[in-house]
Amino acid sequence: MVVVSKAIIRLADVSFSYEGAEERALQGVSFTVEKGEFLSIIGHNGSGKSTLAKLLNGLLLPSEGKIEVNGIPTADDAHIWEVRKVVGMVFQNPDNQFVAPTVEDDIAFGMENIGVPPVDMEARIQDALEQVNMTGFRTAEPNRLSGGQKQRVAIAGALAIQPAVLVLDEATAMLDPRGRKEVLEVVQRMNREAGMTVIQITHYLEETLDSDRIIVMDGGRLVGEGTPESVYQQVDWLRRLGLDVPFACDLQYRLQQKGFRFSTLKMTGEGVLDSLWTSD
Amino acid sequence: MDIRLENVKYTYSPGTPFAYQALQGVSLHIPHGRYVAIIGHTGSGKSTLIQLLNGLLLPTEGTMQVGEFTLPPKKKKGMEKLRQQVGLAFQYPEYQLFEETVRKDVAFGLINMGLPPEMIPGRVDAALRLVGLDPDKYGDKSPFMLSGGQMRRVALAGVLVMNPQVLILDEPTAGLDPAGHHAILDMIARVHREEERTTILVTHSMEDAARYADYLYVMNEGRIWMEGTPHQVFQDPVKIRQAGLELPEITRFIFEFNERVRISGSKIAPLPFDIFDAGMLTNELARRFRRKEGSRG
Amino acid sequence: MSFLNSIPIGQYVPRNSFLHQCDPRSKLLFVFFFIIFIFLANSLYAFLFVAAVSVIGIVMSRIPVIYILRGLKPALWIILLTVVLQIFTNKEGELLFSWRFIEIHEKGLVNAGFVSARIILLMMSASLLTLTTSPIQLTDGLESLFSPLRRFKFPAHELALMMSISLRFIPTLLEETDKIAKAQMSRGASFSSGSIVKRINGIIPLIVPLFVQSFRRAEELAFAMEARGYRGGEGRTKYRQLRYGGRDAMLLIVMIVIAVIVLLLRA
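Residues numbered from 1 in each chain as written. Chains lettered and ligands numbered in written order. Predicted model: local features only at pLDDT ≥ 70, side-chain atom pairs only at ≥ 80, totals over all residues. Heavy atoms only, no water.

### Notes on the overall build of chain A
The following threshold applies: Numbering of helices and strands starts at the N terminus; helices are DSSP runs of H or I of at least 4 residues and strands are runs of E of at least 2. Here the globule rule is a power law, 2.2 Å times the number of residues to the power 0.38, and the radius of gyration is based on C-alpha atoms. Each residue's exposure class comes from its accessible area (1.4 Å probe, protein chains only) as a fraction of the maximum for that residue type: buried when under 20%, exposed when over 50%, partly exposed otherwise. Whether two residues are in contact is decided by their heavy atoms, any of which lying within 4.5 Å being enough. What sets the accessible areas is the Shrake-Rupley method with a 1.4 Å probe; for residues, cover comes only from the shown protein chains. For the purpose of charge, His is not counted, nor are the chain termini; Lys and Arg are scored as positive and Asp and Glu as negative. Where a charge lies is defined by one atom per residue type: Lys uses NZ, Arg uses CZ, Asp uses CG and Glu uses CD.
When helices and strands are counted, chain A shows 10 helices and 10 strands. For 280 residues, the compact-globule estimate of 2.2 N^0.38 gives 19 Å, and the C-alpha radius of gyration of chain A, at 20 Å, lies within 12% of that figure. Seen through its principal axes, chain A has C-alpha atoms that stretch 65 × 45 × 45 Å. For chain A, the proportion of its 280 residues judged to be buried stands at 59%. Sequence-distant contacts, at least 24 apart, represent 63% of the contacts inside chain A between residues at least 6 apart. As displayed, chain A offers around 11,400 Å² of accessible surface, 46% of which is attributable to carbon and sulfur atoms. Once the 27 positive and 40 negative side-chain charges of chain A are each reduced to a mean point, those two points are 4 Å apart.

### What to know about the environment of Ile188 of chain B
Residue and element names in this part refer to chain B. For Ile188, the location among the structural elements is in helix α7 (residues 178–194). It is 24 Å that separates the C-alpha atoms of Ile188 and Ser44, two residues lying 144 residues apart in sequence. In this structure, Ile188 is in contact with Tyr35, Leu169, Pro172 and Thr199, ignoring residues within four places of it in sequence.

### Some points on the UniProt feature "domain: ABC transporter" (unreviewed entry) in chain B
To keep things clear, this is the line we draw: UniProt positions are given in the numbering used here, feature names are shortened, and annotations may be inferred rather than shown by experiment.
This chain's UniProt record puts "domain: ABC transporter" (unreviewed entry) on residues 3–246 of chain B. Taken end to end, residues 3–246 of chain B comprises 36% helix and 25% strand; its first and last C-alpha atoms sit 28 Å apart.

### Focus: the interface of chain C and chain A
To be explicit about the condition: Summed over both partners, the accessible area (1.4 Å probe) lost when two parts come together is defined as the buried area. Any Lys or Arg side-chain nitrogen found within 4 Å of a carboxyl oxygen on Asp or Glu counts as a salt bridge. By the criterion applied in these results, polar contacts are pairs of N or O atoms within 3.5 Å in which, for protein atoms, one can donate a hydrogen and the other can accept it, and in which residues neighboring in sequence qualify only through two side-chain atoms.
Across the contact, 28 residues belong to chain C and 38 residues belong to chain A. Buried surface at the junction of chain C and chain A, summed over both partners, amounts to about 3,000 Å²; 54% is from carbon and sulfur atoms. When residues of chain C are sorted by the area they lose upon contact with chain A, Arg168, Arg228 and Tyr239 of chain C head the list and together hold 30% of the total. Linking chain C with chain A are 6 salt bridges. Where chain C meets chain A, there are 16 residue pairs in polar contact (both at pLDDT 80 or more). The set of elements that each furnish at least two residues to the side of chain C that touches chain A consists of α9 (156–186) and α10 (196–227) of chain C. The dominant element in the side of chain C that touches chain A, judged by the number of residues it contributes, is α10 of chain C, at 9 residues.

### A word on the interface of chain C and chain B
Contacts between the two partners involve 20 residues from chain C, matched on the other side by 23 residues from chain B. Carbon and sulfur atoms make up 61% of the area that chain C and chain B hide from each other, which totals about 2,000 Å². It is Lys182, Ser186 and Arg187 of chain C in chain C that bury the most area against chain B; as a group they hold 36% of the surface buried on that side. Scanning the region where chain C abuts chain B turns up 1 salt bridge. Asp105 of chain B is the partner of Arg187 of chain C in a salt bridge, and the nearest nitrogen-oxygen pair spans 3.1 Å. Taken together, the links from chain C to chain B amount to 7 residue pairs in polar contact (both at pLDDT 80 or more). Going through the elements one at a time, α9 and α10 of chain C are the ones with two or more residues in the side of chain C that touches chain B.

### Notes on the nonpolar core
Basically, it comes down to this: To define a nonpolar core, start from buried Ala, Val, Leu, Ile, Met, Phe, Trp, Tyr and Cys residues and group those joined through side-chain atoms within 4.5 Å.
Membership of the largest hydrophobic core comes to 76 residues, with the highest contact counts inside it found for Val106, Phe234, Phe257, Leu281 and Leu285 of chain B. The dominant element in this core, judged by the number of residues it contributes, is helix α6 (residues 148–160) of chain B, at 7 residues. The residues touching Leu285 of chain B, leaving out its near neighbours within four places in the chain, are Leu251, Leu255, Phe260 and Leu276 of chain A together with Phe253, Phe257 and Leu271 of chain B.

Shown next, in the form of structure tokens:
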């Protein structure tokens, strides 16, 4: 059988320590990300997930091991800018990644950096704004935007470079529920319709339910991975890691301990109700 | 100390092209000792309201009574006294830390109060213990060397140390991971129980509001949109959605459960709406379905 | 919010005037040379002429006069000071008034008038530039004008980027200052009462968090810029293209005419 590899990012035994730190922030992490995948990375504060995000586009370089993006090692100085064209990134604080004084100039910033001809920028800005539902805000200044709007501009700025992968490093952590929803909807649609590979790092469980795969980090190690169903089945284990489980999974787990039987783990309250009603 | 607002309005930069009325007539009464949650999406007027409560902003119209203080006051002096009694912890309070050591930073409020120096160390250490930090282990460290969650605790201790009668917390768990989130809210609930004071929690989370508060205010467009016990407020999901908010997941589940019971014409008893704890819900469900099995066999 | 509105930042007033539509580079050059003309105008007629030109500029900009006058406010003290110095120290010309050691001479009065009028004109033309040119255009214009100096290692692009980022972050930092001040006031700090020593000490709880935060922001911003492919001015393209047009040619002609007239009217 011929296996066609669709991997776009490959981590092989990656470790990382910050200068002067005794403990390693990452320890022997290996995994691959497939083209078009929606991958969520969860873990408590200090588990190494944000360090991991910064390694994915060469903002940090592994102390040991190797990371390849489209076959290019991130440690390859000569091609690092190729890597950053492939992997777009959105960070946590909406204010601290807004570089220019207006929305359109900010979206243009990344294109200016990689030398996109000025005649093409106009259309690409328009296109990026449409993708994130922000067309009406083209000339707006950042201090007139909500957090969710700023983050969508940040996504648009990344999209304008036409990356294959979008990494969201806790991009919703500082947003209110409405802003979180706006951002999640945009990213999910990018993934579904444009086949964008999405890697999101988040605390919010409801954002991970539709992922293709979840990776669980703890103490700088990859301690678990699988579909949302398989990961959220392990309620006790997740709690021990300082993580929550979605309401529906928690409820099924508690009901199971009372003698209820569920054939498959349901991710929503409705699913649980379906199981309860059909099991009698 | 009771809090009373009578048709309070607040306008930012009145008389300029930027004028913006953030509060459009708010009336409320919070009796002493309550744990109150204020919910609403960004821009609903929550943060303006809490800044009025400790005199950082003064009403443009209407009057308010916070304990013995009437606002707007006749003279501007005495605001410091009000702020000692109404402690306010802003969102991301760790951004206000500035001293060389944790102890010095927590003491800041007491020094401003003019407390005799010999009384300060005892109260500082007590406040640190209250937020779950060992004063001997952390007290002489630089606050900037601590983890995010620990910094947040230090900042909260810096407010608690003044022993305010009313404690206002603006999204005290913003940006924390689930473990840190629960730890902070549990700590606040414990402090509320142990010390007689009013606690006002500003939050986006319906779950947290339902689990911790006795009484809810839902704000929308600069007004009190709904108020009541969690049980009362969550009876009206339509109105909650109009305010741009969602029911807690557990309440949504109970709604759907009861809806299915109704449609199927089943003899299962509907679930009560005042369950906000997964454990309690499990027991209720177990009771209902086991009873059914029993009747069948 | 309260801090934000009290400071007129980037006072650019969007209008659709001739001056608004000129290329920022020609406006910058024009103002630069016009300021030189103001200092060259040493006769009454020459002076009246440059003043008239300024007034025409203001009318053409379609900007309410109140904005221009507001721009003069910061210069008020400098004007007052020079006037006082000129009047009381200049001992030339006829003696007009004397009382004990105070003497006021004719030349002093004349000079005071000239100097203050010059400062006013200078401020007016400078604020006319910032009122009709958005900060982005201004930085772009400066970058473009100074870019020939890059050959001599002059960091034109870097300076322009610094300027643009500062402009972008001024409102953010003001908001943050407001928030930290309120947080410390909630802990009993007072920024407006007490002795000077007390007040200076009172600033520390404001300044330290502001610095800590700014460093954090700078670090995160650097990461974000790098992630978006920023690597200095080399090989970079510009979204906003500056183009000289017919208007700029007209501005150039006007400038030459002004230069000739001022030189002719000079004493």
